[in-house]
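# Breakdown of the fold
These are the residues of each chain, in order.
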Amino acid sequence: MAVVQKDDIKIWQRRERGKQFAIWAGYLTVTALFVYCFQLISEKTVWFFVLDAPRQAMDMASRMVPVKWSYMDVLWVAIWDTLNIATLGTVMAVILAIPTAYCAARNTTPSLYFVRPVALFIIVASRSINSLIWALILVAIVGPGVFAGVIAIGLRSIGFCAKLLYEAIEEIDENQVEAVTATGASNAQVTAYGIVPQVLPAFAGISVFRWDINIRESTVLGLVGAGGIGLQLNASITNLAWTQVSLILLVIIATVVVSEWVSAKIRHAII
Amino acid sequence: MLRIEQLVKQYRTGDRALKGIDLEVPDGQVMALIGPSGAGKSTLIRCVNRLVEPTSGRILLNDLDIRSLSQSKLRLVRRRMGMIFQEYALVERLTVMENVLSGRLGYVGFWRSYFRKFPQSDIDEAFRLLERVGLAEMCDKRADELSGGQRQRVGICRALIQNPELLLVDEPTASLDPKTSRQIMRLICELCQERKLSAIINIHDVLLAQMFAQRIVGLQLGEIVYDGSPNGLTPDVLTQIYGEEDWEATIENVEEEDLEDEALDGGPDREAEHKKTPELDRDRLSGLT
Amino acid sequence: MTTTTLSRTWKKPPFIKSAFLRWTLGLAVAIYLALAFGTMEVNWTRVAEGIPRGQRFLAGFFPPDFISRWPEILDGLNESIWMTITSTVVGIALSIPIGLGAAKNLAPKPVYLFCRGILAVSRSFQEVIIAIFMVKLFGFGPFAGFLTLSIATIGFYGKLLAEDIEDIDPNQAEAVRATGASWFQWLNFAIQPQVLPRMIGLGLYRLDINFRESAIVGIVGGGGIGATLNTAFDRYELDSAAAILLIIIGIVMVVEYSSGYVRRWMQ
């Protein structure tokens, strides 16, 4: 109760003094931290370049128009590759995420003390290493091209899909599982009848959601040689072909917006 | 016949849920297990099919010691015990038919069940049961589209299609309104009679227990404090089970309310049920279909 | 009971009711997969060659070498942390007005479209693309990274904020408006309490994402641990690269656990 009695008058405050104080202290810490960090960054910054940036930006913008629409002929293939990287990568990730999630969920894992930590480590490792870094490594191993991109996206997405999926598995209604067990069903049957129907909608939603994210991710893999539209972007920037760059940027926006819309529609239809 | 000897369950937290239960349920007997929450009712019936592992003691189903069984043997015994749950525990995203057929999982192989290719005899039986409880037209509805009473009927079908010798019933009416509760209890008891099943019904509603069960066992803090006929439930006994309270009203009203209820819903619904009742017995169910 | 019921068959009702649609969809998926695999030129000899190379590569990772490049790693980590903190603060601060403007139930149509446009553009570009341009404009170093992550944060946070505001309970908002509250009072009493708890959680989540992304903006010159990682790869100092990757994984784990803890504590 944040009411203080003071000479017959009840003074109402939103929060108790200690709590209010803690909140102010929190704000103060964040501000101080921000100022401190920003100062460190600015020490490493050449401010001349920064001040020059608006002029540079105007210059760059002026060189980006008119958009070179004829370049589209080359880009269609790149768009197709980008879509394939995202889709096939997602398919691969989903297939691998199912067993991983099954091993990571507390209620289905075969062994709580050995298999589960391993599965959790796979999930964290896959999630914390960006697909670009995966691509960097994979291009060195399997050579440049779409294939490296697919695997990079796949490896990056396993963690994401498996994490959401295993959380969904842990949240299922245990009563339904118990009821199926009580009929004398085998473990495989309990999974197929008690668990799968409960997590199927979540699973479909997760896959589509990740596919949408992967479209965006796969636009940059070309920068390290792993195929897709990033390849053209990189080439155009190095050749200072700014009219092509602007077209590529427009195409990326269009692709991402469309894929976002498709994914929202599909998720809506599933639920 | 089910015999329980010196059954003890101690949870890992140290709670002793059951403190040496001795109980015998003869074939064809419908027994109600009453007691306050936390008395160990749920634990007791879950120990019977080992959804909860007992700590010590013996459970004998027709002289077969359930506790000594391996996992695969246990599955074979679980087929012989149908279970009905408090919150129905239907797999909500499966259809009514799939839920009923899931009662046959112990009898068919994994891939058959995975592709939903159950033997025709199972499907015939499922339709017969659904018709018996009046839900045959609902068979392709998803379970989460049904009302509470309908769901519990599906739950009953799922238990019965296992062709069990024993029904384990856990608070079948806890989430139903009073009228549906009685209908469900009546259905369970009728089906037990038709099929000569024995049943252990966990129930916290003393009234319903008295109305439908042939025998009542009172459980308190993991021990049996009453075992006898429904008529023997005097206020003293109830006080012993549940603690101090004015019990006169509860007991006296039984007869009246029962009559009232019969008058209320005993009409078309009940007659229809009677008409639908097929002349089935267990031999025919198990062998001839 | 009649004999007809005895021979009734039952099939699982199909997920897609119309048979035509079912088959067309199946066929479309099959054709797409065939085409996709067909155009994915996998040079299997190259892959086969790559396997021993990959093994050497992986062998190069072990044992991770934390020591010989430790000063650089520490530098990179520091930069990453500064970038993470500043960009999260700035990004969230900027995304609040944009998010408010992008909520359908709050903003007039032109403002709504404008703000949604900003969000769509900043969300469309992966951080690396933004970083390339930032580095071009503002020069190498953490400042470019900081700007990149701020822009990415606006896209992420602004969109979620707008969606959260659109999902609020309109009754509560109406009730506060009925008291004669001004627009800002209404915002403070009706909107803020409804969206704040989730937004705090999302802010912490974004902190986590920004740290992870700070590892890649460095690849194109945006400073931070990514620059160190890139240098390590370029110099084929794979053992140092492995050390950096392990550090990233470790920090992400710590941030994730602690942010989960903080979120629970806040509620």
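Residues numbered from 1 in each chain as written. Chains lettered and ligands numbered in written order. Predicted model: local features only at pLDDT ≥ 70, side-chain atom pairs only at ≥ 80, totals over all residues. Heavy atoms only, no water.

### Topic: the overall build of chain A
- Within chain A, the regular secondary structure consists of ten helices and two strands.
- For chain A, the N- to C-terminal ordering of α and β elements is β-β-α-α-α-α-α-α-α-α-α-α.
- Rg of the C-alpha trace for chain A: 26 Å, well past the compact-globule value of 18 Å for 271 residues, more than 25% over.
- Seen along its three principal axes, the alpha-carbon backbone of chain A occupies a region of about 75 × 65 × 35 Å.
- Buried residues in chain A amount to 54% of all 271 residues.
- Relative to all contacts within chain A whose residues are 6 or more apart in sequence, the contacts with residues 24 or more apart total 70%.
- For chain A, the exposed area adds up to about 13300 Å²; of that, 69% sits on carbon and sulfur atoms.
- Each charge class in chain A was averaged separately, 19 positive and 17 negative side chains, and the resulting centres sit 5 Å apart. (Helix = DSSP H or I, 4+ residues; strand = E, 2+ residues; numbered from the N terminus. Rg over C-alpha atoms; globule rule 2.2 N^0.38 Å. Buried < 20%, exposed > 50% of the residue type's maximum accessible area, 1.4 Å probe, protein only. Contact = heavy atoms within 4.5 Å. Areas by Shrake-Rupley, 256 points an atom, 1.4 Å probe, with all protein chains shown as cover. Lys, Arg positive; Asp, Glu negative; His and termini not counted. Charge placed at Lys NZ, Arg CZ, Asp CG, Glu CD.)

### A word on the domain arrangement of chain A
- For chain A, the domain assignment lists domain 1 (3-64) and domain 2 (73-270).
- Here the C-alpha centroids of domain 1 of chain A and domain 2 of chain A sit 36 Å apart. (Domains from an automatic or database assignment.)

### Some details on a nonpolar patch on the surface
- On the surface, a nonpolar cluster with roughly 480 Å² of combined accessible area is contributed by Phe66, Ile67, Trp70, Leu74 and Leu246 of chain C.
- Its location among the elements puts Phe66 of chain C in the loop between helix 3 (44-61) and helix 4 (70-101). (Patch = residues over 30% accessible without salt bridge, like charges linked within 9 Å, V, L, I, M, F, W, Y side chains within 5 Å. Salt bridge = Lys/Arg side-chain N within 4 Å of Asp/Glu carboxyl O.)

### Here we look at the sheet that holds strand 8 (residues 198-202) of chain B
All names here are of chain B.
- Pairing is mixed in the open sheet, where six strands are placed in the order 6-7-8-3-9-10. Looking at which strands have only one partner, the edges of the open sheet turn out to be strand 6 (81-84) and strand 10 (223-228). Sheet twist, expressed as the average angle between the axes of neighbouring strands with direction ignored, equals 20°.
- Pairing of strand 9 (residues 215-220) with strand 10, which is carried by five bridges, proceeds in the antiparallel orientation. (Pairing = 2+ DSSP bridges. Axes fitted to C-alpha atoms, helices over the stretch in contact; angles between N-to-C directions.)

### Things to note about the packing of aromatic side chains
- All chains considered together, the criterion is met by 18 aromatic pairs over all chains.
- Seen in terms of ring centroids, Trp183 of chain C and Phe184 of chain C are 5.2 Å apart; in terms of plane orientation they differ by 85°. Their pairing is edge-to-face.
- Through pairs of rings, three or more aromatic residues link up here, namely Phe34, Phe38 and Trp47 of chain A together with Phe138, Phe143 and Phe146 of chain C.
- One Lys or Arg, Arg210 of chain A, reaches over the ring of Phe160 of chain A and ends 4.8 Å from the middle of that ring. (Phe/Tyr/Trp six-rings, centres within 6.5 Å; stacked < 30°, edge-to-face > 60°. Lys NZ or Arg CZ within 6 Å of the ring centre and 35° of its normal.)

### Some remarks on helix 2 (residues 47-64) of chain A
- With 18 residues, helix 2 of chain A should reach 26 Å at 1.5 Å per residue; the first-to-last C-alpha distance of 25 Å fits that figure.
- Along its length, helix 2 of chain A reaches its greatest deviation from straightness, about 45°, at Ala53 of chain A, and the proline Pro54 of chain A lies no more than four positions downstream.
- When helix 2 of chain A is considered as a whole, its buried residues turn out to be Val50, Asp52, Ala53, Met60 and Met64 of chain A.
- On its buried face, helix 2 of chain A is in contact with helix 10 (242-270) of chain A together with helix 6 (127-138) and helix 7 (142-166) of chain C. (Expected span 1.5 Å × (residues − 1). Bend = angle between axes of the 7 residues up to and from the residue.)

### Looking at unusual backbone geometry
- With an omega of -5°, the peptide bond between Val65 of chain A and Pro66 of chain A qualifies as cis.
- In this structure, Pro66 of chain A sits in the loop between helix 2 and helix 3 (72-104).
- Its identity is not glycine, yet Arg50 of chain B carries a phi of approximately 55°, on the positive side.
- The topology assignment puts Arg50 of chain B in the loop between helix 1 (41-48) and strand 4 (56-61).
- Within the chain, Asn163 of chain B stands out as a residue other than glycine whose phi angle is a positive 60°.
- With respect to the helices, strands and loops of the structure, Asn163 of chain B is situated in the loop between helix 6 (148-160) and strand 7 (166-170).
- Taking the relative accessible area as the measure of exposure, Asn163 of chain B reaches 22% and is therefore partly exposed.

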